[in-house]
Amino acid sequence: MQDFLEFQSISKGYPGVQALSDVSFSVRKGAVHGLMGENGAGKSTLIRLLSGDQSADNGEIRIEGEAQGYRSVRDAFRAGVIVIHQELQLVPELTVAENLWLGHFPGKGGVIDRRQLLRVVGEKLAEIGIDVDPSAKIASLSIGERQMVEIAKAVMLDARVIALDEPTSSLSSRESEILFALIERLRSNGTVILYVSHRLDEIFRLCDSLTVLRDGKLAAHHPDISKVTRDQIIAEMVGREISNIWGWRGRDLGAERLRVDAICGPKLKTPLSFSVRRGEILGFFGLIGAGRSEMTRLVYGADRRHQGTVTIDGAIVRADNPPQSIRAGMVLCPEDRKFDGIVQGRSIEENMAISSRRHFSPFGILNRKKEAELADRFIAKLRVRTPSRKQDIINLSGGNQQKVILGRWLSEQGVKVLIIDEPTRGIDVGAKSEIYEILYELAGQGMAIVVISSELPEVMGITDRILVMCQGRIAADFARTDFDERRILAAALPDVPTEQVQPS
Ligand SMILES: Nc1ncnc2c1ncn2[C@@H]1O[C@H](COP(=O)(O)OP(=O)(O)OP(=O)(O)O)[C@@H](O)[C@H]1O
Ligand SMILES: [Mg+2]
């Protein structure tokens with residue numbers, strides 16, 4: 001079949017970084033084409049060039065044999081190219097319907113009948129299978145729901161090429177299933193889909209062909225994905241073999257370190273209790289909306305508790321707000337690190353140093369030398385791709401920003417309880433295994449660690465015990481010896497008989 005979308009000798013540089021060098025590959029009509037590579041390999045850069053948002057220094061993009069000289073997002077849009085970026089582009093102050101309108105009917109924004117708009121958008125969403133209220137403000141939606149609205153926006157437009165940059169990184173498994181069904185539908189209509197993901201399972205499930213980038217260069221091109229193995233792809237991405245990503249090993253567990261008794265709050269009405277021992281890594285699994293993040297915010301005092309107590313090392317502590325929790329030795333690395341964590345306009349070094357503890361003291365009093373050492377250590381350890389620790393964090397790739405923020409929390413001193421929400425979202429396989437190693441090390445030193453993740457393989461891979469949340473309650477408790485994908489998923493699904501549950 002004819003090559004529908006072609007990248008010809010594409011190069012793109014930023015100050016101090018050659019993001020892409022001489023990349024060429026092509027994609028057949030109606031193919032779902034995967035794009036993989038470590039954080040900073042150049043995936044999003046390639047997608048940005050395709051979107052018309054930026055132009056290449058060299059090279060050419062062709063669609064159906066025709067060179068695309070477009071210079072703006074609008075040009076690309078007219079050429080039938082729609083891009084869903086890694087960083088969501090929705091306008092938070094507008095409603096779902098208004099956001100969809102913006103994307104769907106460019107230039108016709110003059111007079112809009114609000115009621116009709118809501119009805120049309122509502123019908124469209126229902127048809128696509130996305131369950132969000134068209135009149136809701138984007139700001140009031142969860143990250144997953146926002147992502148679904150972005151995707152709806154792309155589907156509603158009759159695009160020739162759709163590029164999705166890590167679309168599932170904030171979706172629950174159920175939402176991902178809806179997305180995958182949409183992709184199938186688009187594929188059968190002949191749309192070319194460029195799909196960026198760090199999740200090999202998804203890549204194998206969805207993609208017909210695959211390109212691997214490494215350090216901005218083409219590392220491999222596989223026209224037929226059925227001819228490659230996972231290990232081969234991992235080796236092509238990181239340039240070395242990684243045999244066991246999880247690397248879990250048993251630890252001696254000590255006395256009870258964290259105890260949460262009957263906490264509840266405005267969003268979680270049912271009292272929740274659990275405990276974690278010294279050296280234990282406890283996982284929380286659940287679908288998006290199950291209440292995991294709300295639960296952590298209550299424990300940490302980021303949201304107001306109606307009742308309940310938090311006990312650390314046998315003594316009830318005051319943890320009614322984050323500064324109190326931090327003083328008690330408990331830190332929370334939040335899920336939305338982009339929003340809660342990154343200080344734009346500051347360097348990597350500074351971003352890593354503004355730890356939770358130091359958050360409440362001015363920048364000035366930090367020890368510069370120690371800060372620099374710490375930054376360099378984590379840049380090396382987590383393989384952050386950057387010319388220097390002085391680089392403004394905003395210039396890093398999405399995954400590398402995540403690594404910096406994680407480094408901040410993982411390097412914190414004197415922590416007894418670490419709660420970490422979605423520890424490896426958007427992070428490449430190589431760095432993932434380094435992060436898990438750090439978690440094992442910290443647990444080995446006696447820390448109690450709570451990991452929240454919506455990636456079941458991850459929770460099963462790295463934790464000692466899993467609590468499953470469903471509709472705001474703890475629905476099940478699994479010891480590591482009892483881990484079973486089907487049973488855990490079944491416990492997470494509201495009111496679905498076990499035999500209908502398919503492991504992903
Ligand atoms: N505006 C910019 N200024 C300087 N460097 C940049 C800029 N944008 C991107 N880069 C650099 O270009 C390189 C490629 O980044 P890109 O975002 O394409 O990576 P990626 O493959 O999408 O990674 P991730 O998996 O983390 O999303 C990185 O080293 C990044 O730091
Ligand atoms: Mg990216």
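Above this note sits the structure.
Predicted, not measured: the structure shown is a model, and the values here were computed from it.

A. Local environment of the packing of helix α4 (residues 114-128) against helix α5 (residues 143-156). Contact geometry of α4 with α5 gives a least axis separation of 11 Å together with a crossing angle of 95 degrees. It follows from the interaxial angle that α4 and α5 lie roughly perpendicular. Between α4 and α5, the residues in contact are Lys124, Leu125 and Ile128 and Ala152, Val155 and Met156, respectively. Among the residues forming the contact of α4 with α5, the class breakdown is five nonpolar, no polar and one charged.

B. Local environment of the site of ligand 1. In the region of ligand 1, 22 residues are neighbours, and Gly40, Lys43, Thr45, Ser397 and Gly399 sit closest. At a separation of 2.7 Å, an oxygen atom of ligand 1 approaches a polar side-chain atom of serine 397. Those elements that place two or more of their residues in the shell around ligand 1 are β2 (17-28), α1 (43-51) and α14 (398-410). Taken together, the residues that form the shell around ligand 1 break down as five nonpolar, twelve polar and five charged. Counting only domains with at least three residues in the shell around ligand 1, you end up with domain 1 (3-238) and domain 2 (256-492).

C. The arrangement of helix α9 (residues 292-300) in detail. Along α9, seven of the nine residues are buried, which leaves the element largely enclosed by surrounding structure. Among the residues of α9, Arg292, Ser293, Met295, Thr296, Leu298, Val299 and Tyr300 are the ones counted as buried. Glycine 301 sits one or two residues past α9 and shows a positive phi near 80 degrees.

D. Fine view of the sheet that holds strand β1 (residues 3-14). Read from one edge of the open sheet, four strands run β2-β1-β4-β5, paired in antiparallel fashion. Both edges of this open sheet fall to β2 and β5 (66-67), since each of them pairs with a single strand only. Sheet analysis places β1 next to β2, joined by eight bridges and oriented antiparallel. Of the residues in β2, the one forming a bridge with aspartate 3 is arginine 28. Contacts between α1 and the sheet are confined to β1, β2 and β4 (58-63), with β1 contributing the most and set at about 115 degrees to the helix.

E. Summary view of the pattern of salt bridges. For the coordinates displayed, the defined rule picks out 32 salt bridges. Of the charged contacts in the structure, one is a salt bridge between arginine 199 and glutamate 455, with a shortest N-O distance of 3.6 Å. Here glutamate 455 lies in the loop between β18 (448-452) and α16 (456-462) and arginine 199 lies in the loop between β8 (192-196) and α7 (200-206), a separation of 256 residues in the sequence. A salt bridge links arginine 251 to aspartate 464; the shortest N-O distance between them is 2.9 Å. Residue arginine 251 is located in the loop between α8 (230-238) and β11 (256-264), and its partner aspartate 464 is located in the loop between α16 and β19 (465-470); the two are separated by 213 residues in the primary sequence. The exposure class of aspartate 464 is buried, given its relative accessible area of 11%. Each member of the salt-bridge network shares a partner with another, and the members are Arg199, Glu202, Lys432 and Glu455.

F. Focus on the environment of serine 293. Note on placement: serine 293 falls in helix α9. Along the sequence, serine 293 and glutamate 335 sit 42 residues apart, while their C-alpha atoms lie 7.6 Å from each other. Beyond its immediate sequence surroundings of up to four residues, serine 293 is in contact with Glu335 and Asp421.

Quick notes on the rules
- Residues numbered from 1 in each chain as written.
- Chains lettered and ligands numbered in written order.
- Predicted model: local features only at pLDDT ≥ 70, side-chain atom pairs only at ≥ 80, totals over all residues.
- Heavy atoms only, no water.
- Axes fitted to C-alpha atoms, helices over the stretch in contact; angles between N-to-C directions.
- Helix = DSSP H or I, 4+ residues; strand = E, 2+ residues; numbered from the N terminus.
- Parallel < 35°, antiparallel > 145°, perpendicular 65-115°, else oblique.
- Contact = heavy atoms within 4.5 Å.
- Nonpolar A, V, L, I, M, F, W, Y, C, P; charged D, E, K, R; others polar.
- Near = heavy atom within 4 Å.
- Polar contact = N/O pair within 3.5 Å; in protein donor to acceptor, adjacent residues only side chain to side chain.
- Domains from an automatic or database assignment.
- Buried < 20%, exposed > 50% of the residue type's maximum accessible area, 1.4 Å probe, protein only.
- Pairing = 2+ DSSP bridges.
- Salt bridge = Lys/Arg side-chain N within 4 Å of Asp/Glu carboxyl O.

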